[in-house]
Amino acid sequence: MIEDVKRYPDDYNYEGARRLNCSKTGIFNAIKRLGISQKKTLEHPKACLIKRAQYQSKLYTTRLSYCLYG
């Protein structure tokens, strides 16, 4: 269990349960029993920075055109 958490620190409980062939509740209880706390990150671990930049660029140009022609 500890090796799985080290290898996949950002996974949800259901993802670990699928890998280890057990229930989400079993994963939750094992993590709690081992004293492992959730890692807090400022960014979503599975976010794509390229797609985010493209979206923000599109959003900016839309807002700019709305302000100019509005």
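Quick note: structure is the one above.
For the structure given in this document, a descriptive report is provided here. What you are looking at is a predicted structure, and each value in this text was computed from that prediction instead of being measured.

**Re the overall build of the protein chain**
- In terms of helices and strands, the protein chain carries four helices and zero strands.
- Going from N to C terminus, the protein chain has its helices and strands arranged as α-α-α-α.
- A total of 70 residues make up the protein chain; the buried ones form 11% of that total.

**Focus on the packing of aromatic side chains**
- The final tally for this structure, using the stated rule, is one aromatic pair.
- Plain terms: the ring middles of Tyr12 and Tyr14 are 5.8 Å apart, the flat faces sit at 10 degrees to each other, and that makes the pair stacked.
- Its end group placed over the ring of Tyr8, Arg19 keeps NZ or CZ at 3.8 Å from the ring centre.

**Structural notes on the pattern of salt bridges**
- Taken as a whole and judged by the stated rule, the model has two salt bridges.
- Ionic pairing is found between Arg19 and Asp4, a salt bridge with its closest N-O pair at 2.9 Å. You can see Arg19 sitting in helix H2 (residues 13–20) and its partner Asp4 sitting in helix H1 (residues 2–7), a full 15 residues away along the chain.
- Under the relative-accessibility criterion, Arg19 is labelled partly exposed at 33%.
- For Asp4, a relative accessible area of 11% puts it in the buried group.
- In this structure, Arg19 and Asp11 form a salt bridge, with 2.8 Å as the shortest nitrogen-oxygen distance.
- Via salt bridges that share partners, Asp4, Asp11 and Arg19 belong to a single interconnected network.

**Let's talk about H2**
- Buried within H2 are the following residues: Glu15, Gly16 and Ala17.
- Residue Asn21 follows H2 closely and has a positive phi angle near 55 degrees.

**Notes on helix H3 (residues 24–34)**
- Looking at H3, one finds that the buried residues are Ile27, Ala30 and Ile31. For H3, the arc enclosing every buried residue in end-on projection is 95 degrees, short of the 170-degree limit, so these residues lie on one face. Facing away from the buried side of H3, by more than 90 degrees, are the exposed residues Thr25, Lys32 and Arg33.
- Buried residues in H3 make contact with H2.
- Just beyond H3, the residue with positive phi is Gly35, at close to 80 degrees.

Cut-offs and rules
Residues numbered from 1 in each chain as written. Predicted model: local features only at pLDDT ≥ 70, side-chain atom pairs only at ≥ 80, totals over all residues. Heavy atoms only, no water. Helix = DSSP H or I, 4+ residues; strand = E, 2+ residues; numbered from the N terminus. Buried < 20%, exposed > 50% of the residue type's maximum accessible area, 1.4 Å probe, protein only. Phe/Tyr/Trp six-rings, centres within 6.5 Å; stacked < 30°, edge-to-face > 60°. Lys NZ or Arg CZ within 6 Å of the ring centre and 35° of its normal. Salt bridge = Lys/Arg side-chain N within 4 Å of Asp/Glu carboxyl O. Arc of directions from axis to C-beta. Contact = heavy atoms within 4.5 Å.

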